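Architecture and fold: a report
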Amino acid sequence: MTAVNCTADKVKGWMMRALTWIVLIVGVLYCGYWFVAARQAETATLQALAEAEARGLEVRHQGLSIAGFPNRFDLTLTEPDVYHMQSGTGWRAPFLQVFALSYAPWNLIAALPNEQVLSLQGQSVTVNSTRMQASLFLRPRPSLPVRDVKWVAEGASLRSDAGWSMGFASANLSLVGTEPGAEVAFRVLDLVPDQQISAQLSSAGLPAAIGRIDALADLTLDRPVTLRETPPAVQAIAVREAHLDWGPVKVTGKGEVHADALGFAEGTIELRIAGWRTAYDAARAAGLLPERMAIAVGSVLEHLASRSGEPDSIDLPLVMQQGRMMLGPMPLGPAPRLR
């Protein structure tokens, strides 16, 4: 019996030593993996910045570091400053942090500072927020196709050195990659326009804040969205639903547009506007509707309301054609470019 116990103790001791060695070997291998992967992440980031510069972006920063051992890769870019010469747009901030779990480095979360500065064609816009972050989830394939992208901001305000300002309580944007397209959704709650505009609109019966703006749309792209290739071109947009709630004014919309030969949006978004009289008075008060056109436009809207069967609602098409955009009988200017 004593011999049996002695043999069992030896086997147990051997197993414990073997387990200890296995743990040590796995630990050493994991440490090696983390440091190699961190080095590769740093190299890939610098390569991505170089590729961005080759595409016309000026990218400056004051340093790149990676921490987070052993569970995460925490990448910090100090004082990033990005500028696109051709469009005159840019972005700068005190830092940019990107986090990834060490066992799933293709899923990224970015933390943005509470204060950032945007450059928009000659003006500087300071963006403050209580929270702003984004996530990028990729599929673990060589081309790194995008699975989905999310962005959220809370308690945000924008102030331009050109004299205007605005703010919103919360906003979120998501893009889910499909092949060969994407589903896009966004929502903004309690959007407060510039005070000067709000004062003009309040006289027409609109509250100071737009309660809700949201939309859900499907994008048709010329190729899938990937991280390692040039961004795809938009071929068409199908708006499944869109809403705007601004006090007594409620707008809903749906429709489809596609890119014409020059890249301008072409197609029709059908809009239904409840509380159209308030919206009409607000447009006149804000100077969005020239007085020389106001009476004629008002008569057309009255006629459309009589045809709708609901005196306080009208159906208006938002038409984009030949590079121009019209809301019913009212010209709105150039149509947006899809590519």
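Residues numbered from 1 in each chain as written. Predicted model: local features only at pLDDT ≥ 70, side-chain atom pairs only at ≥ 80, totals over all residues. Heavy atoms only, no water.

Here we look at the overall build of the protein chain
Note the threshold: Counting from the N terminus, the helices are the DSSP runs of H or I reaching at least four residues and the strands are the DSSP runs of E reaching at least two. The rule is simple: take the accessible area with a 1.4 Å probe, protein chains only, and divide by the maximum for that residue type; under 20% is buried, over 50% is exposed, in between is partly exposed. Computed with the Shrake-Rupley method and a 1.4 Å probe, the accessible areas treat only the protein chains shown as cover for residues.
Across its full length, the protein chain holds four helices and 20 strands. Counting across all 339 residues of the protein chain, residues that qualify as buried make up 34%. Total accessible area on the protein chain is roughly 19900 Å²; 61% of this is exposed by carbon and sulfur atoms.

Remarks on the pairing of strand E7 (residues 104-111)
The two faces of a sheet get side chains in turn, since along a regular strand they alternate between them. For the record, the criterion: Pairing between strands requires that DSSP locate at least two bridges from one strand to the other.
In this structure, strand E6 (residues 95-101) lies alongside E7, joined through four bridges in antiparallel fashion. Bridge pairing in E7 links Leu-101 to Ala-104. Two elements, E7 and strand E10 (residues 131-138), share five bridges in a ladder whose sense is antiparallel. Its bridge partner being in E10, Leu-108 is matched across the sheet by Leu-136.

Describing the side chain of Ser-160
Inclusion rule: We call two residues contacting when some pair of their heavy atoms lies within 4.5 Å.
With respect to the helices and strands, the residue Ser-160 is situated in strand E11 (residues 146-160). Exposure remark for Ser-160: the relative accessible area of 7% places this residue in the buried category. Apart from residues lying up to four places away in sequence, Ser-160 is in contact with Gln-123, Ser-124 and Val-125.

So, the confidence of the model for the protein chain
Defined as follows: pLDDT runs from 0 to 100 and stands for how confident the predictor is about each residue.
Looking at the protein chain as a whole, its pLDDT mean stands at 85, while 90% of the residues score no less than 70. Of all the helices and strands in the protein chain, helix H1 (residues 2-54) carries the lowest mean pLDDT, 67, while strand E16 (residues 249-259) carries the highest, 96.

A look at the environment of Gly-275
Tracing the backbone through its elements, the reader meets Gly-275 in the loop between strand E17 (265-274) and helix H3 (276-285). Gly-275 gets classed as buried once you look at its relative accessible area, which sits at 3%. Taking C-alpha positions, Gly-275 is 9.1 Å from Pro-311, a pair spaced 36 residues apart along the chain. What Gly-275 contacts, discounting residues up to four positions off in sequence, is Pro-248, Val-249 and Asp-312.

So, the pattern of salt bridges
Quick reminder of the rule: We define a salt bridge as a side-chain nitrogen of Lys or Arg found within 4 Å of a carboxyl oxygen belonging to Asp or Glu.
Taken as a whole and assessed by the stated rule, the structure comprises 12 salt bridges. In this structure, the salt-bridge partner of Glu-154 is Arg-131, at a minimum N-O distance of 3.0 Å. Of the two residues, Glu-154 is situated in strand E11 and Arg-131 in strand E10; the sequence distance between them amounts to 23 residues. Classification of Arg-131 as partly exposed rests on a relative accessible area of 33%. For Asp-315, the salt bridge identified is with Arg-272, shortest N-O distance 2.8 Å. Placement of the pair is Asp-315 in strand E18 (residues 313-321) and Arg-272 in strand E17, with a sequence separation of 43 residues. Given a relative accessible area of 37%, Asp-315 falls into the partly exposed group. Classification of Arg-272 by relative accessible area gives partly exposed; the value is 28%. Where salt bridges share partners, they join Arg-187, Arg-212, Asp-214 and Asp-245 into one cluster.

Some points on the pairing of strand E14 (residues 210-221)
In terms of strand pairing, strand E13 (residues 181-192) meets E14 through 10 bridges, oriented antiparallel. Paired with Val-184 across the bridge in E14 is Ala-217. Of the pairings in the sheet, the one linking E14 to strand E15 (residues 234-246) comprises 10 bridges and is antiparallel in character. The residue bridging Ala-215 from the neighbouring strand is Ala-242, located in E15.

Re the nonpolar core
Here is the rule we go by: Here, nonpolar core means buried Ala, Val, Leu, Ile, Met, Phe, Trp, Tyr and Cys residues that are tied together by side-chain atoms lying within 4.5 Å of each other.
Phe-168, Ile-237 and Met-320 are the most contacted members of the largest nonpolar core, which totals 62 residues. For Ile-237, the residues in contact, after removing those within four places along its chain, are Ala-217, Asp-218, Leu-219, Gly-255, Glu-256, Val-257 and Leu-338.

A few points about the packing of aromatic side chains
In plain terms, the rule: Pairing of aromatic side chains requires ring centres within 6.5 Å, counting the rings of Phe and Tyr and the six-membered ring of Trp. Pairs whose planes differ by under 30 degrees are stacked, by over 60 edge-to-face, and all others tilted. We count a charge as sitting over a ring when the NZ of a lysine or the CZ of an arginine lies within 6 Å of the ring centre and within 35 degrees of the ring normal.
Under the counting rule described, the total for this entry stands at zero aromatic pairs. The ring of Phe-264 carries Arg-337 above its face, with NZ or CZ at 4.2 Å from the centroid.

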